[in-house]
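# Structural overview
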Amino acid sequence: MAENVIRASEVARKTNETDIKLAFAVDGSGTVKLETDVPFLNHMLDLFAKHGQFDLTVEATGDVDIDDHHTTEDIGICLGQTIREALGDKRGIKRYASVFVPMDEALAQVVIDVSNRPHFEYRAQYPSQQVGSFQVELVQEFLWKLALEARITLHVIVHYGTNTHHMIEAVFKALGRALDEATCIDPRVQGVPSTKGVL
């Protein structure tokens, strides 16, 4: 990969349900600007970007008078699209990562293959189905849409925990760290890290 290549992308998505502008930079410094109608998701995205050292800007409004579903889902779609576009042909990346992150009593694991083959596995049992006004089932919806649009293989396992907030927080921290590791440039890698010659 050329030294001066900037791995960044931005996208705008407007539907009858949401209006989103999102910018993402792989090689950032954890600079985050979040303006959405879903406070808990703001918190999780902040953790994801800062622990992954990504730059992330999100401006999103949506039909949260109904619930947080459409806004959360569409932010996942937009983030996935920018990740895919920012990585380009994926030349020189490490490709794989497996990261464990504890958050007090909770332990989460995120395993990533930047494979261009979208797949999502999710193993998590939460003691509560809501954190504040946020529906916990939306974590799965967000992660699945991110994996689909980023075209990555994503496995998320919450091994244990008793506090739902802590468990989800561990997931997003691990996601940031795993994506950072998988997208790091390895100078030993010639071309793309695949025997097929393409990702």
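A brief structural summary. Everything numeric in this text was worked out from a predicted model, so none of it was measured.

## A closer look at the sheet that holds strand β2 (residues 18–25)
Overall, mixed pairing links the 4 strands, which are arranged β1-β2-β4-β3 in an open sheet. In the strand order of this sheet, the two ends are held by β1 (8–14) and β3 (32–35), each with one partner. Direction aside, the axes of adjacent strands within the sheet are offset by 5° on average. Of the strand pairs in this sheet, β1 and β2 are connected by 7 bridges, and their pairing is antiparallel. Paired with Ser9 across the two strands is Phe24, which belongs to β2. Across the sheet, helix α2 (residues 69–87) lies against β1, β2 and β4 (55–62), angled at about 35° from β2, the strand it touches most.

## Let's talk about the environment of Ala8
One can find Ala8 in strand β1. A C-alpha to C-alpha distance of 22 Å links Ala8 and Val111, two positions 103 residues apart in sequence. Aside from chain neighbours lying at most four places away, what touches Ala8 is Phe24, Ala25 and Ala86.

## A word on the sheet that holds strand β6 (residues 106–113)
What the 4 strands build is an open sheet, ordered β5-β6-β10-β7; its pairing is mixed. One side of each edge strand has no neighbouring strand; the edge strands of this open sheet are β5 (96–103) and β7 (119–123). Within this sheet the neighbouring strands show an average axis-to-axis angle of 10°, counted without direction. Of the pairings in the sheet, the one linking β7 to strand β10 (residues 153–160) comprises 5 bridges and is parallel in character. For Phe120, the partnering residue across the bridge sits in β10 and is Leu154. Together, β7 and β10 form the strand contacts of helix α3 (residues 137–150), whose direction differs from that of β7 by roughly 155°.

Thresholds applied
- Residues numbered from 1 in each chain as written.
- Predicted model: local features only at pLDDT ≥ 70, side-chain atom pairs only at ≥ 80, totals over all residues.
- Heavy atoms only, no water.
- Pairing = 2+ DSSP bridges.
- Helix = DSSP H or I, 4+ residues; strand = E, 2+ residues; numbered from the N terminus.
- Axes fitted to C-alpha atoms, helices over the stretch in contact; angles between N-to-C directions.
- Contact = heavy atoms within 4.5 Å.

Take it as geometry only, folks, not as evidence of what the structure does.
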